[in-house]
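Geometric and topological summary
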Amino acid sequence: MEESPAWEPEAWGPSRGWPAPREARADPPSCPGPSLSSVLNELPSAATLRHRGPGVLPWGALEEGDEDREKSIQAFAEVTQKELQELPPSRELPWPMQARRAHRQSHARNQVAQDSGSRVAHWALMLRRSKEKMQEGLRTLEPWAWTLKRIGGQFGAGTESYFLLLRFLLLLNVLASVVKACTTLLPSWLGGAPPGSPGPDPSSPCGSYNPRPQGLITFPSQLFNLLSGEGFLEWSPLFYGFYQPRRRLAVAYLCSTFAIGILSLVLILHRSVSGLKQTLLAESGVLTSYSHRVFSAWDFGLCGDVHVRLRQRIILYELQVELEEALVRRQAAVRTLGQHARVWSVRVLLNLLVVALLGAAFYGVYWATESTVELQEWPPVQQMPLLKLGVDYLPSIFISGVNFVLPPVFRFIAPLEGYTRSRQIVLILLRTVFLRLASLLVLLLSLWNQITCGGNAEAEECKTCGYNYKELPCWETRLGQEMYKLLLFDLLTGIAVMLLIQFPRKLLCGLCPGALCRVAGTQEFQVPDEVLGLIYAQTVVWVGSFFCPLLPLLNTAKFLLLFYLKKLALFSICSPASRNFRASMVNFFFPLVLLLGLAISSVPVLYSIFLIPPSKLCGPFRGQSSIWAQIPKSISSLPQITQNFLFFLGTQAFAVPLLLISSILMVYTLALANSYGRLISELKRQIEMEAQNKVFLARRAVALSSANGTL
């Protein structure tokens, strides 16, 4: 590979002077009226000519006389030299890359020379360089970077966004696992020997609780206990009931839950803001024009045929998305009033059908959860472990079945409504996320109905202990078991679908490429369903992490396995999507749905912490009036100054000024954003006006040149 010639910074400075005019060129004949150069100098582009870099002549510099040319060159050189002394940062200069690099190095040398006596500036420079090197090192440590680039080039940016979200959620679960291990597992192990299961206590008004199975346990029973979370797993660090009522452990247990929620919220908001910038740029039309894709989207730093082909495919998919959405918008613009009425009638009927399907699904989930307790009392169920396992998994089976059947129906309905591909993706996501998250809420609502006797504290089962101690002596562990079963069954369902449906379908199409293959159809990677599966699993983890502390660790292993399984299925089974959608919309919408899942998961957890009395026979909060009551008791043991400060944070004297300051900052931010918006709109109008002026002046210049016989 040949070396590129060294760049001389002086070539862009004023010292080189202007190139000599071509002597062989004949002077244009004199004619009345303005000359071509004077007309061209009136163009708006002439005002920005100096910003193309030093050494570029103004319009007509070679056509004027010697005297005028020398004056023009001298004046232009003075202006250029003045601008070179006050240049903007290198990345903002419209110069070639070598010129930018030379300018940056020269500026750095001058800065070091000026600040050579300043130790603070030297250390600031070293700190900035160390930060840049650290950021580069972290970028090299990003997992699966090349795999994600390959997926984006072969299957489009929409499919790549699914794997990016999967990697992000894997990071969240790793951080949550570390927090839980440091605040829950480690203090529990350092506190002494593992506690034994609670024995029978005749004096307890809330009955007894013995989770350990009695007698000889067969291997099938052990396997069923592993799948249901009962037996030996019920009294293990996996669930809430295992932990002892020690004050520091209880405080750390509760604080870890809040820490995980706040950490997840901050990281998701950070991801949403970065995705929002891309979405606003994409929706504004600045980066979605075809000219941008054709002339500005290519990366000239690519090396190797593989990277070049991947970049070509990415640009191809982006152009396909733009053309598809432009076609749909063009068709919508030419609809008549009757066609609009017909389209809206179809949309109303289809949405009524969707509401009916969702209502039936929610009723089925509620019925399955309520019937589980009754079915477990049947003698045939108690005698057959396999049947008992099926009854235990009845809510999970019903939820997974609904989530497996209804999303394809939503995908079939969405194209009939006449929206663009991006709008169809949004509708499918909204309906599917409502189905999944609302099904989870219905399950939690039915469990709450069992725990609190339907909210009736005076009921016979709940009057003594504040909860239904006869059916649920340790209700926190029961909730953790339900979340554990949902997570495990979701993983088993995904593996079964891949092995029993997708792979045989691919083999069938390969062995019978005729009519049977056309009936089976080409398998595409359904991004909305897959993304909602991730968000549903993460919501289950957020709900269950308080009742099942090791659930984030299990979900980390699940997502790690899921990444490689989905990658294998993508490259060996699926083909590129026939219809694509814009990835910028996905980068903002997916974290938004994830925020919705976090908000929904916080409701049952906070309700359990503040309102439902904890179990009297298990867990670190046994004997307390509420789970939150442990925090004020722990604060009362602190020094008086610390107590006064912490209690002051919960008073109106702190909350009201904080609310006022937050409101003022919010109003200021909104006003600033509105002013920036008006400024941007004004600049856009000026750009449009300048474009019209250029067209008018260029036509006038051509007309004058034609009249004078010169160009």
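The structure under discussion appears in the preceding block.
What comes next is a walk through the structure. All of these numbers come straight from a predicted model, not from anything done at the bench. (Residues numbered from 1 in each chain as written. Predicted model: local features only at pLDDT ≥ 70, side-chain atom pairs only at ≥ 80, totals over all residues. Heavy atoms only, no water.)

A short note on the overall build of the protein chain
- From N to C terminus, the protein chain includes 24 helices and zero strands.
- For the protein chain, the residues scored as buried account for 39% of the 711 residues in total.
- In the protein chain, of all internal contacts separated by at least 6 residues, the share reaching a separation of at least 24 is 76%.
- Split by element, the accessible area of the protein chain, about 40,500 Å² in all, is 65% carbon and sulfur. (Helix = DSSP H or I, 4+ residues; strand = E, 2+ residues; numbered from the N terminus. Buried < 20%, exposed > 50% of the residue type's maximum accessible area, 1.4 Å probe, protein only. Contact = heavy atoms within 4.5 Å. Areas by Shrake-Rupley, 256 points an atom, 1.4 Å probe, with all protein chains shown as cover.)

Describing the nonpolar core
- Judged by nonpolar contacts, the single largest core of 100 residues is most densely connected at Met-483 and Phe-546.
- Once residues lying within four places of it in the same chain are set aside, the contact partners of Phe-546 are Lys-180, Tyr-240, Tyr-253, Leu-254, Thr-257, Val-605, Ile-609, Phe-621 and Ile-627. (Core = buried A, V, L, I, M, F, W, Y, C linked by side-chain atoms within 4.5 Å.)

So, the state of the cysteines
- Under the criterion given, the structure shown has one disulfide.
- Residue pairing for Cys-474: its cysteine sulfur links by disulfide to Cys-618, the two sulfurs lying 1.9 Å apart. Its torsion about the S-S bond being 95°, the disulfide of Cys-474 and Cys-618 is classed as right-handed. Of this pair, Cys-474 sits in the loop between helix 16 (421-451) and helix 17 (475-511) while Cys-618 sits in the loop between helix 21 (583-610) and helix 22 (630-636), and the two are 144 residues apart along the sequence. The same class applies to Cys-474 as to Cys-618, namely buried. (Disulfide = S-S within 2.5 Å.)

Some words on the environment of Gln-312
- Its location among the elements puts Gln-312 in helix 11 (residues 305-333).
- When its relative accessible area of 44% is taken as the criterion, Gln-312 is described as partly exposed.
- Between the C-alpha atoms of Gln-312 and Trp-298, which are 14 residues apart in sequence, the distance is 8.4 Å.

Here's the deal with the environment of Trp-189
- Along the chain, Trp-189 turns up in helix 7 (residues 157-190).
- Its relative accessible area of 55% is what places Trp-189 among the exposed residues.
- Along the backbone, Trp-189 and Pro-237 are 48 residues apart, and their C-alpha atoms lie at a distance of 9.9 Å.

Looking at the pattern of salt bridges
- Applying the stated criterion across every chain yields a total of six salt bridges.
- Close ionic contact of Glu-482 with Arg-478 constitutes a salt bridge, the shortest N to O distance being 3.2 Å. Within this pair, Glu-482 and its partner Arg-478 are both found in helix 17, separated by four residues, close to a single helical turn. Each of the two residues, Glu-482 as well as Arg-478, counts as buried. (Salt bridge = Lys/Arg side-chain N within 4 Å of Asp/Glu carboxyl O.)

Details of the packing of helix 7 against helix 20 (residues 551-572)
- In contact at an axis separation of 8 Å, helix 7 and helix 20 are set at 160° when each is read in the N-to-C sense. The angle between helix 7 and helix 20 falls in the class roughly antiparallel. The two elements helix 7 and helix 20 cross, and the hand of that crossing is left-handed. Counting all contacts with helix 7, which are made through Thr-159, Tyr-162, Phe-163, Leu-166, Leu-169, Leu-170, Asn-173, Val-174, Ala-176 and Ser-177, the residues of helix 20 involved are Pro-552, Leu-553, Asn-555, Thr-556, Phe-559, Leu-560, Leu-562, Phe-563, Lys-566, Lys-567 and Leu-570.
- Taken together, the residues that form the contact of helix 7 with helix 20 break down as 14 nonpolar, five polar and two charged. (Axes fitted to C-alpha atoms, helices over the stretch in contact; angles between N-to-C directions. Parallel < 35°, antiparallel > 145°, perpendicular 65-115°, else oblique. Left-handed = near helix turned anticlockwise from the far one by under 90°. Nonpolar A, V, L, I, M, F, W, Y, C, P; charged D, E, K, R; others polar.)

Read these as geometric descriptors, not functional statements.
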